[in-house]
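Listed below are the residues making up each chain.
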Amino acid sequence: MSFMNQFLATTPFDLYELTLFQLVAETASFTRAAERAGLTQSAITRQIRGMEGRLGVDLFERTTRHVCLTPVGQLLREKSKAILKATDQLLDDVQRTLGRMPPTLRIGVARSIGLAYLPGYFFAFQRKCPEVQLQITHQTSGEILRALEAGNLDAGLVCPPPRLPPLLKVTHRFADEFTAITPAQFPLAPTVTKATIKQLKRHFENQRWLLIDRGGFTGRRLNHWLRTQSLHIEPAMELDSFDVIVNLVSLGLGVSLVPHRVLALYGQRRTVRRIAIQPRFSRELAVVVRRNRVTPEPLSSFVENILF
């Protein structure tokens, strides 16, 4: 026991300090590292200086313009990644051994992302990790980002804003192109499968428009794009789900612009007509997670198995 007490008293750093060191190394900034850790810059600086003092070496080279690792700091960074990852894995193993809870991932899916997208997010992961429980919530992109920041979600599938909060990062991005849709019996020649914006205005003159809610990120971008194309629309209905919009269009309640991937569920039913538009409108969808020093399991497996 005396040996253990002596070791704890003389060890040059603990896991907490090692985590802060990794944050500074990753961000190359004491200020940004402090923001992520929820500390003041002076507090994180004291922690790093304490490590350097006990080790007897400098871990960072500091100037007024930048912060970079010394050779010793680079060595510590590379070696300590494995330590922190092993610690995360150990904690997961202990919890599973104690039988507290099966591993669980909390995933937020934006309401504007249709059901046809979900197999690409979940199918491969569930086949690989069937023991992992998935808790899926359906919220707006803004609500999902706030839940990620608060640590209440592990990952979000969203249409991201131009700038993410500093605590979050994107792991995947992909473009999501839109197409115009009409009811199956829309009075338009069957040969019309594409249209310019000018032609679309003429084809859809006096039609009821059903559009995605302008209060969300997707709705704001679509509304801005329509205005840049001189297509000023006052929709008859605004909804927060493209699946609902497609179903309402199929019932003859109006026309719309929707992501073409959403229509994968309606290919055989032929309940709506598709008209490709030129120029095209495309939104960006993204998988967003918190900026952690190491992405823990099973979240890393989930991210790796997303199919797009």
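Here, the structure is the one placed above.
Residues numbered from 1 in each chain as written. Predicted model: local features only at pLDDT ≥ 70, side-chain atom pairs only at ≥ 80, totals over all residues. Heavy atoms only, no water.

**Q** Explain the pattern of salt bridges residue by residue, including any values.
**A** Taken as a whole and assessed by the stated rule, the structure comprises 11 salt bridges. Between arginine 261 and aspartate 176 there is a salt bridge whose closest N-O contact spans 3.8 Å. Here the residue arginine 261 occupies a position in the loop between β10 (256–259) and β11 (272–278), and aspartate 176 occupies one in strand β6 (residues 168–183), the gap between them amounting to 85 residues. Classification of arginine 261 as partly exposed rests on a relative accessible area of 30%. Judged by relative accessible area, which is 0%, aspartate 176 ranks as buried. As a salt-bridge pair, arginine 283 and aspartate 176 come within 2.9 Å of each other at their nearest N and O atoms. Of this pair, arginine 283 sits in strand β12 (residues 282–290) while aspartate 176 sits in strand β6, and the two are 107 residues apart along the sequence. (Salt bridge = Lys/Arg side-chain N within 4 Å of Asp/Glu carboxyl O. Helix = DSSP H or I, 4+ residues; strand = E, 2+ residues; numbered from the N terminus. Buried < 20%, exposed > 50% of the residue type's maximum accessible area, 1.4 Å probe, protein only.)

**Q** Just give me the short version of helix α7 (residues 141–149), but keep the residues and values in it.
**A** Of all the residues in α7, the buried ones are Ser141, Gly142, Ile144, Leu145, Ala147 and Leu148. In this fold, the buried residues of α7 make contact with β3 (104–110), β4 (133–139), β5 (155–158), β6, α9 (217–228) and β12. Phi turns positive one or two residues past the end of α7, at glycine 151, with a value near 80 degrees. (Contact = heavy atoms within 4.5 Å.)

**Q** If you had to explain the packing of aromatic side chains to someone new, which residues and values would you point to?
**A** In this description, an aromatic ring pair is defined by two values, namely the gap between the centres and the angle between the planes. Across all of its chains, the model carries 10 aromatic pairs by this definition. With a centroid separation of 5.6 Å and an interplanar angle of 80 degrees, the aromatic rings of phenylalanine 178 and phenylalanine 242 are classed as edge-to-face. In this pair, phenylalanine 178 sits in strand β6 while phenylalanine 242 sits in helix α10 (residues 242–250), placing the two residues 64 residues apart along the sequence. Take phenylalanine 178 and phenylalanine 242: they sit in the same class, and that class is buried. Linked through ring pairs, Tyr121, Phe122, Phe125 and Phe302 together constitute an aromatic cluster. (Phe/Tyr/Trp six-rings, centres within 6.5 Å; stacked < 30°, edge-to-face > 60°.)

**Q** Any chance you could break down the pairing of β11 for me, citing the residues and the numbers?
**A** With 4 bridges connecting them, β6 and β11 associate as antiparallel partners. In the sheet register, isoleucine 181 faces β11, and the bridge partner there is arginine 274. Note that strand β7 (residues 194–196) and β11 share 3 bridges and pair parallel. When the sheet's bridge partners are listed, threonine 196 is paired in β11 with glutamine 278. (Pairing = 2+ DSSP bridges.)

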